[in-house]
Amino acid sequence: MDETRDQRSMRASDADRERVADVLRQAASDGRLSLTELDERIEALYAAKTYADFEPVVRDLPGDVPLPPVTRPPAVRPAPSPAPVTSGRIGGRPVSRSAKVVFSGLQRRGEWVVPSRFHVKAVFGGADLDLREASLESDEVEIDIRAVFGGVNIVVPDDVRVLVDGTGVFGAFNDDASHRRQPGAGAPVVRVTGKAVFGGVNVQRKSIGEA
């Protein structure tokens, strides 16, 4: 059997999709893709089921499509292991992994699930993301933002750590959350990244019920 062809037909994992997403984001940072092209390819990537489905979104970019090892050991059923101890805030299945706002508004509040990687694009629009009653898909999530003549406001609760690492181009990432009441080691982490072009991203920490 042609091993390469066999690999291409295999089902891809979320981790594989994230590696390809990193390739796309780097290509956008290098100027190889526009923000519109990046958004279209990210959507196609998350809809991909097999490794072969990755090829159209990266065919014209440097680098290889990630494939599993050619030689894999025989499948061995692992012994049951104790479930990791996690915060009650961790768990759930997100209904979407991306959101796009163009000349409109978006709100996420109340009980919802923040995906491990959440891609938000605001073009001439605004997005409000309230995480105070939300669950996190994993103990560390990343909210990747592209704000172009738009704004994104993020409210986080007291029991998560916040790391803001975004870039402003005639815009700004305002971090009012990570400098006060940061919880200790072991707390879930919300990482805010991306780029604001003639736009702004504001991150605040508030308790439930606080205006």
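Placed above this text is the structure.
Report on the accompanying structure. (Residues numbered from 1 in each chain as written. Predicted model: local features only at pLDDT ≥ 70, side-chain atom pairs only at ≥ 80, totals over all residues. Heavy atoms only, no water.)

**Some details on the packing of helix H2 (residues 14–29) against helix H3 (residues 35–47)**
When two helices pack together, their arrangement is given by the angle between the helix axes and the distance between those axes. Let me state the cut-off plainly: All axes are obtained by fitting lines to C-alpha atoms, using only the stretch in contact for helices, and the reported angles, taken between N-to-C directions, cover 0 to 180 degrees. Helix and strand labels come from DSSP, where a helix needs a run of H or I of at least four residues and a strand needs a run of E of at least two; each type is numbered from the N terminus. Should an angle lie under 35 degrees it is considered roughly parallel, over 145 roughly antiparallel, and from 65 to 115 roughly perpendicular; all remaining angles are considered oblique. We call two residues contacting when some pair of their heavy atoms lies within 4.5 Å. Side-chain classes follow a simple rule in which Ala, Val, Leu, Ile, Met, Phe, Trp, Tyr, Cys and Pro form the nonpolar group, Asp, Glu, Lys and Arg form the charged group, and the remainder, Gly included, forms the polar group.
Where H2 contacts H3, the two axes come as close as 10 Å, and the packing angle between them is 170°. Taken as axis vectors, H2 and H3 run roughly antiparallel relative to one another. Packed against H2, whose contacting residues are Arg17, Glu18, Val20, Ala21, Leu24, Arg25 and Ala28, the element H3 presents Leu38, Arg41, Ile42, Leu45 and Tyr46 at the interface. Along the lines of polarity and charge, the residues of the contact of H2 with H3 split into eight nonpolar, no polar and four charged.

**Here's the deal with H2**
Which entries qualify depends on this criterion: Under the convention used throughout, the expected extent of a helix is 1.5 Å for every residue step, that is, one less than its residue count. Accessible area is worked out with a 1.4 Å probe on protein chains only. A residue is then buried under 20% of its type maximum, exposed over 50%, and partly exposed in between.
End to end, H2 covers 22 Å across 16 residues, agreeing with the expected 22 Å (1.5 Å per residue, within 8%). When we look at burial in H2, the residues that qualify are Asp16, Arg17, Glu18, Val20, Ala21, Leu24, Arg25, Ala27 and Ala28. Looking at the buried residues of H2, the elements they touch are H3, helix H4 (51–58), strand E4 (117–123) and strand E7 (140–148).

**Examining the sheet that holds strand E9 (residues 161–169)**
Remark on secondary structure: sheet strands pair via backbone hydrogen bonds, oriented parallel or antiparallel. Spelled out, the test is: Any two strands are treated as partners once DSSP identifies two or more bridges connecting them.
Spatially, five strands are ordered E1-E4-E7-E11-E9 in an open sheet, and the strand pairing comes out parallel. Each edge of the open sheet is held by one strand with a lone partner, namely strand E1 (98–102) and E9. Going across the sheet, the axis of each strand differs from the next one's by a mean of 10°, ignoring polarity. Of the strand pairs in this sheet, E4 and E7 are connected by seven bridges, and their pairing is parallel. Paired with histidine 119 across the strands is aspartate 144, a residue of E7. Against the sheet, H2 makes contact with E4 and E7, and its axis sits at roughly 30° relative to E4, the strand it touches most. On the sheet, H3 packs against E1, E4 and E7 and is oriented at approximately 145° with respect to E4.

So, to be careful, I would describe these as geometric facts and stop short of saying anything about function.
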